[in-house]
Amino acid sequence: MSFDRSVKIAPSILSADFADFGREIRAVEAQGADWIHVDVMDGHFVPNLTFGPPAVKAFRKHVKTVMDVHLMIAPVDPYIDAYADAGTDILTAHVEAGPHTHRTLQAIRAAGMKAGVALNPGTPAQAVEHLLDLTDLVCVMTVNPGFGGQKFIDMTDKIRALRAMIGDRPIHIEIDGGVTPDTAPLVVEAGADVLVAGSAVFRGGSVENPAPYGENIRAIRASVAGTAAA
């Protein structure tokens, strides 16, 4: 993966048709998705249960772009190798998931993946300040994690603080939760460059009628044209 700060749209397959993930992934990529975002939940760290390593490995066969796997689980470390074996490109762990996030990020990179760290809405930007040299992506949650389709929580001050901390390091700022054409410009102007969108991308379409996926992606992309932070 080469690094650039152009805005990327990363549809969350949590909003796709669970009975047809392969075709959904191929359809949304064909309609302009930059990355594919996979939300892994354990029913413990968050109140929902989704995908394990075998499912992610099955998704990998269909992903031609970047597979961005967001672990909303605790503990993280025992599962790092399994998600690496599944073909993950970027593996993100929550700073709140355990006491040794520094070691977790080291282990993710040692397994051959890009390392991400996620922040819940109640966690300040400063929680990752001393982790940035081991980090390729910071995921700012703009909803409380666990379910798709929630209302956006304004985290623009946190995003600006992170952008200032990051400086010229090659680190993405990803936004996860409530991204729409209305909220996307706010976070991009603050410094974000990866936008996770679930229902805002998949709404109105299907594998038989994927054109709305492309319309939704283009609407988000158009909403942020010219608004990126300097």
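Residues numbered from 1 in each chain as written. Predicted model: local features only at pLDDT ≥ 70, side-chain atom pairs only at ≥ 80, totals over all residues. Heavy atoms only, no water.

A. Focus on the environment of A192. By the secondary structure assignment, A192 is in the loop between α6 (184-190) and β8 (194-197). Overall, A192 belongs to the buried group, its relative accessible area being 5%. In this structure the C-alpha to C-alpha distance between A192 and S223, which are 31 residues apart in sequence, comes to 14 Å. Those residues in contact with A192 that lie beyond four places of it in its chain are I159, I173, I175 and V187. (Helix = DSSP H or I, 4+ residues; strand = E, 2+ residues; numbered from the N terminus. Buried < 20%, exposed > 50% of the residue type's maximum accessible area, 1.4 Å probe, protein only. Contact = heavy atoms within 4.5 Å.)

B. Representation of helix α1 (residues 21-30) in the model. Burial analysis of α1 places seven of its 10 residues in the buried class, which makes it a mostly covered element. What α1 keeps buried is the set F21, G22, E24, I25, A27, V28 and E29. Buried positions along α1 lie against β1 (8-11), β2 (35-41), α2 (53-60), α7 (199-202) and α8 (211-223). Two residues or fewer after α1 comes G32, characterised by a positive phi angle close to 115°.

C. Focus on the pairing of strand β4 (residues 90-94). For β4, a buried count of five out of five residues is recorded, marking the element as mostly surrounded by other parts of the structure. Because side chains alternate across β4, one face comprises the buried residues I90, T92 and H94, and the other comprises L91 and A93, equally buried. Handedness of the strand β3 (residues 66-72)-helix α3 (residues 80-85)-β4 crossover: right-handed. Bridge analysis of β4 against strand β5 (residues 114-119) gives five bridges, and the strand direction is parallel. Each residue of the ladder has a partner; that of L91, found in β5, is A115. (Right-handed = clockwise from strand over helix to strand, strands pointing away. Pairing = 2+ DSSP bridges.)

D. Molecular detail of the nonpolar core. Core analysis: the largest hydrophobic core is formed by 67 residues, its most contacted members being I13, V38, V56, V69, I175 and L195. Counting 11 residues, the second-largest nonpolar core is a separate cluster that includes W35, A118, L137 and C139. (Core = buried A, V, L, I, M, F, W, Y, C linked by side-chain atoms within 4.5 Å.)

E. Inspection of the pattern of salt bridges at higher detail. All told, the structure shown has 10 salt bridges when counted by the stated rule. The salt bridge partner of R23 is D20, with a shortest N-O separation of 2.8 Å. For R23, a relative accessible area of 38% gives the class partly exposed. Residue classification places D20 among the buried residues on the basis of a relative accessible area of 17%. Between R169 and D133 there is a salt bridge; the shortest N-O distance is 2.9 Å. Of this pair, R169 sits in the loop between α5 (156-166) and β7 (172-176) while D133 sits in the loop between β5 and β6 (137-141), and the two are 36 residues apart along the sequence. Taken together, the shared-partner salt bridges connect D20, R23 and E208 into one network. (Salt bridge = Lys/Arg side-chain N within 4 Å of Asp/Glu carboxyl O.)

F. Seen up close, α8. The terminal C-alpha atoms of α8, which comprises 13 residues, lie 18 Å apart, in line with the 18 Å expected from a rise of 1.5 Å per residue. For α8, the full list of buried residues reads P212, Y213, G214, N216, I217, I220 and S223. Buried-residue contacts for α8 involve β1, α1, α6, β8 and α7. (Expected span 1.5 Å × (residues − 1).)

G. Here's a closer look at the environment of L14. Tracing the backbone shows L14 in the loop between β1 and α1. Its relative accessible area of 18% is what places L14 among the buried residues. Along the backbone, L14 and Y79 are 65 residues apart, and their C-alpha atoms lie at a distance of 20 Å.

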